[in-house]
Amino acid sequence: MTTDNIFDVRNVTLRFGGVVSLSDVSLHHQRGEILAVIGPNGAGKTSLFNSLTGVYQPQEGVITFTGRDVTPISIIGRKAHRVSSAGVARTFQASRMFSALTTFENVKIGAESHKGIGAFGAMVKGPRTRRGERESDLKTIELLNFVGLRDKANTVSASLSYGDRRRLEIARGLATNPQVLLLDEPAAGTNPAEKIQLTELIRKVRDEMGVSILLIEHDMKLVMSLAERLYVLNFGSVIAEGTPAEIRANTSVVEAYLGSSEHEPEGLM
Ligand SMILES: Nc1ncnc2c1ncn2[C@@H]1O[C@H](COP(=O)(O)OP(=O)(O)O)[C@@H](O)[C@H]1O
Ligand SMILES: [Mg+2]
């Protein structure tokens, strides 16, 4: 069987005690695609990301990841750091960078942890780590240029704006040379100008680096302008799939959002 899917998710169910976070979810992510997952709070979006990255272990179903020129691997049962070294990078809904370190140091740790040196080794600098150090420095500078943070390389991360923190997280994800980048609400907390810049950056990651993008995002304007295709989750189930135009015209999607008091369906229609 030939496939050009980077992720293939078949009949995945994830439970926590009596709570069903994902219920018989099937979806696919084509290589090179900017794909989005939307849905109200508690729909299972982050659970899906955690299942795709080896953080959660669904009780049922199959998740296959196929990197370029390699044998497909099964994600379920594989540890998160193994999934990461296979080529799956992510950013988190809540920021996880080292806020006392500079922008440069945060990206460099990403680059070195990927080479198996680890955050500690990266800071302590034993003889083995020094060898790869210049390489990591160059890669870090290149990534900071790419995301537009070169002039803030020596700024302590805690003092960056929300938009710049989001760029930094993307640079950290890219430092591991991923084939796919999973972004959990990358525009949360950013202002309208920053949202436009983030949209452009995410598109550039795909266009110039060839990295597939999987995106969770609440801002409908952003997600509809960026995603080429979307899945809609509601109560752990996929309720719709399609292009932005198809999703906008789907009545069950509109109902899922209208039925949720926590979300304005603004931008959906
Ligand atoms: N580690 C966990 N333990 C127990 N329940 C969880 C856990 N992670 C997620 N859930 C539950 O799974 C459901 C979906 O949550 P989540 O995936 O965070 O939704 P979303 O990201 O769409 O807001 C919620 O009911 C949530 O409480
Ligand atoms: Mg979430």
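These notes cover the structure that comes with them. Since the model is a prediction, treat every value here as computed from it, not as a measurement.

Before going further, it helps to examine the overall build of the protein. When helices and strands are tallied, the protein shows eleven helices and ten strands. When the 269 residues of the protein are sorted by exposure, 42% land in the buried category. Expressed as a percentage of contacts within the protein between residues at least 6 apart in sequence, the contacts between residues at least 24 apart total 66%.

Let us look at the site of ligand 1. Around ligand 1 sit Phe 16, Val 19, Ser 21, Gly 39, Asn 41, Gly 42, Ala 43, Gly 44, Lys 45, Thr 46 and Ser 47, and those are all the residues in its vicinity. Broken down by secondary-structure element, the contributors of at least two residues to the shell around ligand 1 are strand S2 (19-30) and helix H1 (45-52). The element best represented in the shell around ligand 1 is H1, accounting for three residues. Of the residues in the shell around ligand 1, the class split is three nonpolar, seven polar and one charged.

Read from one edge to the other, the open sheet built from six strands follows the order S6-S7-S8-S3-S9-S10, with strand pairing classed as mixed. The two strands at the open ends of the sheet, each matched to only one other strand, are strand S6 (88-91) and strand S10 (237-242). Ignoring strand direction, the axes of neighbouring strands in this sheet form an average angle of 20 degrees. Relative to strand S8 (residues 212-216), strand S7 (residues 180-184) is paired through five bridges, and the arrangement is parallel.

This part is about helix H8 (residues 192-209). Over its 18 residues, H8 runs 25 Å from end to end, which matches the ideal 26 Å to within 8%, given 1.5 Å per residue. Leu 198, Ile 202 and Val 205 are the residues of H8 that are buried. Buried residues of H8, viewed axially, fall in a sector of 55 degrees; they line one side. Facing away from the buried side of H8 by over 90 degrees, the exposed positions are Pro 192, Ala 193, Glu 200, Asp 207 and Glu 208. Tucked into the core, H8 has its buried residues touching helix H7 (162-174), S7, S8 and helix H9 (220-226).

So, about the sheet that holds strand S1 (residues 5-16). A sheet is described by the order of its strands in space; here four strands give the open sequence S2-S1-S4-S5, paired in antiparallel fashion. Each of the sheet's edge strands pairs with one partner strand only, and the pair in question is S2 and strand S5 (73-74). As paired elements, S1 and strand S4 (residues 60-65) share five bridges and run antiparallel to each other. Within S4, the residue paired with Asp 8 across the bridge is Thr 64. Against the sheet, H1 engages S1, S2 and S4, with an angle of about 65 degrees to S2.

Turning our eyes to something else, we now look at H7. Between the first and last C-alpha of H7 there are 19 Å, a value that for 13 residues agrees with the 18 Å anticipated at 1.5 Å per step. Of all 13 residues that make up H7, twelve are buried, and the element is covered over most of its length.

Packing of H7 against H8 brings their axes to within 10 Å, and their N-to-C directions diverge by 15 degrees. The pairing of H7 with H8 is recorded here as roughly parallel in orientation. Every pair of crossing elements has a handedness; the one defined by H7 and H8 is right-handed. Contacts from Tyr 162, Gly 163, Arg 166, Arg 167, Ile 170 and Leu 174 in H7 reach Glu 194, Gln 197, Leu 198, Leu 201, Val 205 and Met 209 in H8.

Structurally, the position occupied by Ser 237 is in strand S10. Residue Ser 237 is classed as partly exposed on the basis of its C-beta count, with 15 C-beta atoms lying within 10 Å. Through-space distance from the C-alpha of Ser 237 to that of Ala 43 is 7.7 Å; in sequence the pair is 194 residues apart. Ser 237 has contacts with Ser 23, Asp 24 and Val 25, leaving out every residue within four places of it along the chain.

Core analysis: the biggest nonpolar cluster contains 64 residues, and Ala 171, Leu 181, Ile 213, Leu 215 and Val 232 have the highest contact counts within it. Residues lining this core come from more than one domain, with at least three contributed by each of domain 1 (1-81 + 180-186 + 213-269) and domain 2 (88-177). In contact with Leu 215, other than residues within four places in its own chain, are Ile 34, Leu 35, Ala 36, Leu 183, Pro 186, Val 223, Leu 226 and Ala 227.

Turning our attention to unusual backbone geometry. Most peptide bonds take the trans form, and the phi angle of most residues other than glycine is negative. One non-glycine residue, Asn 177, lies in positive phi territory at about 55 degrees. Within the element layout of this structure, Asn 177 appears in the loop between H7 and S7.

The rules behind the values
Going along each chain's sequence as written, the residues are numbered from 1 onward. Chain A is the first chain written and ligand 1 is the first ligand written, with later ones labelled in order. Restriction of local features to residues with pLDDT of at least 70 applies here, the model being predicted, together with a cutoff of 80 or more for giving and counting side-chain atom pairs; totals for whole chains, interfaces and linings are based on all residues. Counting from the N terminus, the helices are DSSP H or I runs at least four residues long and the strands are E runs at least two residues long. Field definition: a residue is buried when 20 or more other C-beta atoms are found within 10 Å of its C-beta, exposed when 12 or fewer are, and partly exposed for counts in between, with C-beta atoms placed from the backbone. Think of it this way: build a C-beta for each residue from its backbone, and any pair within 7 Å is a contact. In this entry, near means the residue's backbone-placed C-beta atom lies within 6 Å of the molecule or strand. Just so you know the grouping, Ala, Val, Leu, Ile, Met, Phe, Trp, Tyr, Cys and Pro go in nonpolar, Asp, Glu, Lys and Arg go in charged, and all remaining residues, Gly too, go in polar. Between any two strands, at least two bridges found by DSSP are needed for them to pair. Note on method: axes are straight lines fitted to C-alpha atoms, helices fitted across the in-contact stretch only, with angles between N-to-C directions ranging 0 to 180 degrees. The span you would expect from a helix comes to 1.5 Å times its residue count less one. Picture the helix axis, draw a direction to every C-beta atom, and the arc is the one those directions span. Note on angle classes: values under 35 degrees are labelled roughly parallel, values over 145 roughly antiparallel, values of 65 to 115 roughly perpendicular, and the remainder oblique. Helix crossings are classified by the rotation of the near helix relative to the far one: an anticlockwise turn of less than a right angle makes the crossing left-handed, while a clockwise turn makes it right-handed. In these notes, a nonpolar core means any group of buried Ala, Val, Leu, Ile, Met, Phe, Trp, Tyr and Cys residues linked to one another through C-beta atoms within 7 Å. The split into domains, and so the bounds of each, comes from an automatic or database assignment of domains.

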